[in-house]
Amino acid sequence: MKALFVGGTGTISMAIVKRLINELDWEVWLINRGNRNSELPDGVNQIICDINDEETVSKKLEGMEFDVIGEFIGFTVDQVERDYRLFKGKTKQYIYISSASAYNKPAASYVITEGTTLANPHWEYSRNKIACEEFLMKKYREEGFPVTIVRPSHTYDERNVPLGVHGKKGFYQVIKRMMDGKPVIIQGDGTSLWTATFNKDFAIGYTGLMGNRHAIGEAFQITGDETLTWNQIYQTIADALGVELKAYHVASEYLSAVGDKYGFDFEGSLTGDKSVSVVFDNSKLKRAVPDMRTTVRFDQGVRIALDYVLSHPECQVEDPEFDEWCDKVIEVLEETKKKF
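Computed from a prediction, not measured in an experiment: that's the story for all the values here. (Residues numbered from 1 in each chain as written. Predicted model: local features only at pLDDT ≥ 70, side-chain atom pairs only at ≥ 80, totals over all residues. Heavy atoms only, no water.)

Caption draft 1: Up close: the side chain of lysine 90. Following the sequence through the fold, lysine 90 ends up in the loop between helix 3 (77-87) and strand 5 (94-97). No salt bridge is formed by the buried lysine 90; the nearest opposite charge belongs to glutamate 65, separated by 6.7 Å. There is a polar contact of 3.2 Å between the side chain of lysine 90 and the backbone oxygen of methionine 64. Residues within four places of lysine 90 in sequence aside, it is in contact with Leu61, Glu62, Gly63, Met64, Glu65 and Phe66. (Helix = DSSP H or I, 4+ residues; strand = E, 2+ residues; numbered from the N terminus. Buried < 20%, exposed > 50% of the residue type's maximum accessible area, 1.4 Å probe, protein only. Lys, Arg positive; Asp, Glu negative; His and termini not counted. Salt bridge = Lys/Arg side-chain N within 4 Å of Asp/Glu carboxyl O. Polar contact = N/O pair within 3.5 Å; in protein donor to acceptor, adjacent residues only side chain to side chain. Contact = heavy atoms within 4.5 Å.)

Caption draft 2: Representation of the sheet that holds strand 1 (residues 2-6). The strand order across the open sheet formed by seven strands is 3-2-1-4-5-7-12, and the pairing between neighbours is parallel. Pairing within the sheet leaves two strands with one partner each, and these edge strands are strand 3 (45-48) and strand 12 (219-222). For this sheet the average axis-to-axis angle between neighbouring strands, irrespective of direction, equals 20 degrees. Bridge count between strand 2 (residues 27-32) and strand 3: four bridges; the pairing is parallel. The residue of strand 3 that forms the bridge with tryptophan 29 is asparagine 45. (Pairing = 2+ DSSP bridges. Axes fitted to C-alpha atoms, helices over the stretch in contact; angles between N-to-C directions.)

Caption draft 3: Spatial organisation of the layout of surface pockets. As a volume, the second largest pocket reaches approximately 290 Å³. Met14, Ala15, Lys18, Asn199 and Lys200 are the residues nearest the centre of the second largest pocket, which is lined by 17 residues in total. Broken down by secondary-structure element, the contributors of at least two residues to the lining of the second largest pocket are helix 1 (11-22) and helix 6 (199-209). Looking at the lining of the second largest pocket element by element, the count peaks at six residues for helix 1. Of the residues in the lining of the second largest pocket, the class split is four nonpolar, five polar and eight charged. (1 Å grid on protein atoms, 1.4 Å probe; cavity = no way out; pocket = protein on both sides within 12 Å on 5 of 7 lines; lining within 4 Å. Points joined across faces, edges and corners; volume = space filled by probe spheres on them. Nonpolar A, V, L, I, M, F, W, Y, C, P; charged D, E, K, R; others polar.)

Caption draft 4: The arrangement of unusual backbone geometry in detail. Look at the link from lysine 105 to proline 106: it is a cis peptide, with omega at -10 degrees. By the element assignment, proline 106 lies in the loop between strand 5 and strand 6 (111-112). Positioned with a positive phi, aspartate 25 is a non-glycine residue whose angle comes to about 60 degrees. Aspartate 25 gets classed as exposed once you look at its relative accessible area, which sits at 69%.

Caption draft 5: How the structure looks around the packing of aromatic side chains. The tally for this structure, following the rule as stated, stands at 20 aromatic pairs. Note on phenylalanine 87 and tyrosine 94: the rings are 6.4 Å apart at their centroids and 35 degrees apart in plane angle, and the pair reads as tilted. No difference in accessibility class separates phenylalanine 87 from tyrosine 94, as the two residues are buried. Consider the rings of phenylalanine 264 and phenylalanine 322, whose centres lie 5.9 Å apart with planes at 75 degrees: the pair is edge-to-face. Taken as a pair, phenylalanine 264 in the loop between helix 8 (252-259) and helix 9 (266-274) and phenylalanine 322 in helix 12 (residues 320-338) lie far apart in primary sequence, 58 residues in all. Each member of the pair phenylalanine 264 and phenylalanine 322 is classed as buried. Cluster of aromatic residues (ring-pair linked, three or more members): Tyr84, Phe87, Tyr94, Phe135 and Phe145. (Phe/Tyr/Trp six-rings, centres within 6.5 Å; stacked < 30°, edge-to-face > 60°.)

Caption draft 6: Representation of empty space enclosed by the protein within the structure. For the coordinates displayed, the defined rule picks out two cavities of 30 Å³ or more. Taken as a whole, the largest cavity encloses approximately 50 Å³ of empty space. Together, Ala196, Thr197, Phe198, Asp201, Gly224, Asp225, Glu226, Thr294, Val296, Arg297 and Phe298 line the largest cavity. No other element matches strand 11 (residues 196-198), which puts three residues into the lining of the largest cavity.

Caption draft 7: Inspection of the pairing of strand 9 (residues 184-187) at higher detail. Side-chain alternation along strand 9 places Val184 and Ile186 on one buried face and Ile185 and Gln187 on a second face that is also buried. Bridging between strand 9 and strand 14 (residues 247-250) involves four bridges; their strand directions are parallel. By the bridge assignment for strand 14, isoleucine 185 is matched with tyrosine 248.

Caption draft 8: Structural detail: helix 9. Buried residues dominate helix 9, accounting for eight of its nine residues. By the burial criterion, the buried members of helix 9 are Phe266, Gly268, Ser269, Leu270, Thr271, Gly272, Asp273 and Lys274. Its buried side turned inward, helix 9 meets strand 8 (154-156), strand 9, strand 10 (193-194), helix 7 (230-241), helix 8 and helix 12. The distance from a side-chain oxygen at the start of helix 9 to the backbone nitrogen of glycine 268 is 3.1 Å, and the residue carrying that oxygen is aspartate 265.

Caption draft 9: Looking closely at the packing of helix 1 against helix 6. Contact geometry for helix 1 and helix 6: axes closest at 8 Å, N-to-C directions at 65 degrees. Crossing of helix 1 against helix 6: the hand is right-handed. Of helix 6, the residues touching helix 1 (which contributes Thr11, Ile12, Ala15, Ile16, Arg19 and Leu20) are Asn199, Lys200, Phe202, Ala203, Ile204, Tyr206 and Thr207. Considering only residue class, the contact of helix 1 with helix 6 consists of eight nonpolar, three polar and two charged. (Left-handed = near helix turned anticlockwise from the far one by under 90°.)

Pasting the structure below:
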């Protein structure tokens, strides 16, 4: 079996590539700019170019056909329209990575299935993903274009620690605040439900859909089965660090209002996603992929990630602006309390 991935070196796709090469004996090709290709397993075939250079890509793929083509970095309709032009007639299955953030926030029920309404008024990223899905499904209905939609939720790997509130430079400053004994901001009261999935588990579901005729024309969400509150998530991280969790709860609406000035998109990432309780019903995926299961619990995945991050200085990206913002938010709220 032969697969081509657009991207292939990100948090989600790297685990899929490794599983296909090391465990499932697929022939794997990647189209990307070569930024992380040194980390790929032996045996991966690389096409180094910009996917947006449609003419060059078309020439490089001339005469080639694939069982599966997977798109991991398509965020807008013009990008999937480009894919349609490039890959029509070249693949038996085109798998598009959408997002679970595309589900309506808040949904009518906290239990999310693939039939949950797609509508997110809070986040342009999610609305763009919805538009991409609509274009691709239209091509399936009208022309038989063999699309499969995949909706991940919060997927992480050894380089990432899942958090709700962080700055533009990522998660590490929150970890540093914990280690320094400083309070860390958690959205709301921390009791909303969330699912974080280790990328190796995600890869089980994704690869099980590859070449699966029951997946054509269908959408699947791929997440683990473990659901935690945000308080439990942060406490698990603190426990893994061996430090006391000093949680400071702040309403999501307040964070959005005071974060805009600093360029923090909490309206999208919190109100439009992480502040809402979600529990994913993965029964549809498990019918198509009986092997799908959670093999890495969150407490295990966090320890894997922290061990890696704390032993790799390049992952320890500090964010003084976000650190200062956290201190200011907490200071202002504490001063407000004194006035009553």
